Amino acid sequence: MASTSSSTLALSSSSTLVDAKAPRQSAAASPQCVTLPTLPPPPIQSQNRPWKSTAYCRKIARNVMAMATGEAPAEVAAAELPEIVKTVQEAWDKVEDKYAVSSLAVAGVVALWGSTGLISAIDRLPLVPGVLELVGIGYSGWFAYKNLIFKPDREVLIQKVKDTYKDIIGSS
């Protein structure tokens with residue numbers, strides 16, 4: 001206990017030198033002074049996150065394997081790409097007008113961002129969300145009654161969906 005009060009005294013006396021104002025009361029004389037325990041030292045990084053060092057070791061092992069086989073590390077990493085990435089890369093290589101596709105993608109992101117802002121602004125209005133919810137429930141009920149309850153209507157809807165799918169994808 002004596003060591004904490006002496007460290008508090010040292011802190012309070014050093015603060016009077018820094019502030020250059022009237023000297024403060026000592027910690028022992030002030031009944032409102034509370035001393036806090038010191039913090040433990042920070043943990044060592046390797047003990048705190050073993051997964052990070054494991055990933056680093058795997059990367060080094062991959063580079064060593066690549067050097068032993070004579071391949072470049074980029075070639076080894078390219079062999080590990082998922083199938084979806086390969087498909088996207090092949091599709092991007094087939095595109096002739098990359099500027100137009102990039103512009104459309106940026107315009108799509110901006111439109112999505114703007115529509116999100118518009119929907120959130122409408123959602124903040126007092127009565128509109130409740131009314132829109134009722135409209136949605138009513139339309140869903142009407143659609144189910146008109147297209148899903150009776151078998152001939154269901155078959156017409158299924159045929160219409162199949163025709164639209166063929167129009168979009170193309171006949172195969």
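Scroll up a little and you will see the structure.
Residues numbered from 1 in each chain as written. Predicted model: local features only at pLDDT ≥ 70, side-chain atom pairs only at ≥ 80, totals over all residues. Heavy atoms only, no water.

Colleague: Got a minute to help me understand a nonpolar patch on the surface in this structure?
Modeller: A surface patch of nonpolar side chains, amounting to about 320 Å² of accessible area, comprises Leu-81, Ile-84, Val-85 and Val-88. Structurally, Val-85 is set in helix 5 (residues 83-94). Residue Val-85 is classed as partly exposed on the basis of its relative accessible area, which comes to 30%. (Patch = residues over 30% accessible without salt bridge, like charges linked within 9 Å, V, L, I, M, F, W, Y side chains within 5 Å. Areas by Shrake-Rupley, 256 points an atom, 1.4 Å probe, with all protein chains shown as cover. Salt bridge = Lys/Arg side-chain N within 4 Å of Asp/Glu carboxyl O. Helix = DSSP H or I, 4+ residues; strand = E, 2+ residues; numbered from the N terminus. Buried < 20%, exposed > 50% of the residue type's maximum accessible area, 1.4 Å probe, protein only.)

Colleague: What should I look at first to understand the packing of aromatic side chains in this one?
Modeller: We describe a pair of aromatic rings using the distance from one ring centre to the other and the angle between the two ring planes. With the rule as written, the count across this model stands at three aromatic pairs. Between Tyr-139 and Trp-142 the ring centres are 5.5 Å apart and the planes differ by 40°, which places this aromatic pair in the tilted class. Of this pair, Tyr-139 and Trp-142 both sit in helix 7 (residues 128-147), three residues apart, which is roughly one turn of that helix. For Trp-142, a relative accessible area of 45% gives the class partly exposed. Plain terms: the ring middles of Tyr-145 and Phe-150 are 6.3 Å apart, the flat faces sit at 75° to each other, and that makes the pair edge-to-face. The exposure class of Tyr-145 is exposed, given its relative accessible area of 53%. Relative accessible area serves as the criterion here: at 45%, Phe-150 is assigned to the partly exposed category. Pairwise contacts between aromatic rings join Tyr-139, Trp-142 and Phe-143 into one cluster. (Phe/Tyr/Trp six-rings, centres within 6.5 Å; stacked < 30°, edge-to-face > 60°.)

Any functional reading would require information beyond the geometric quantities listed.
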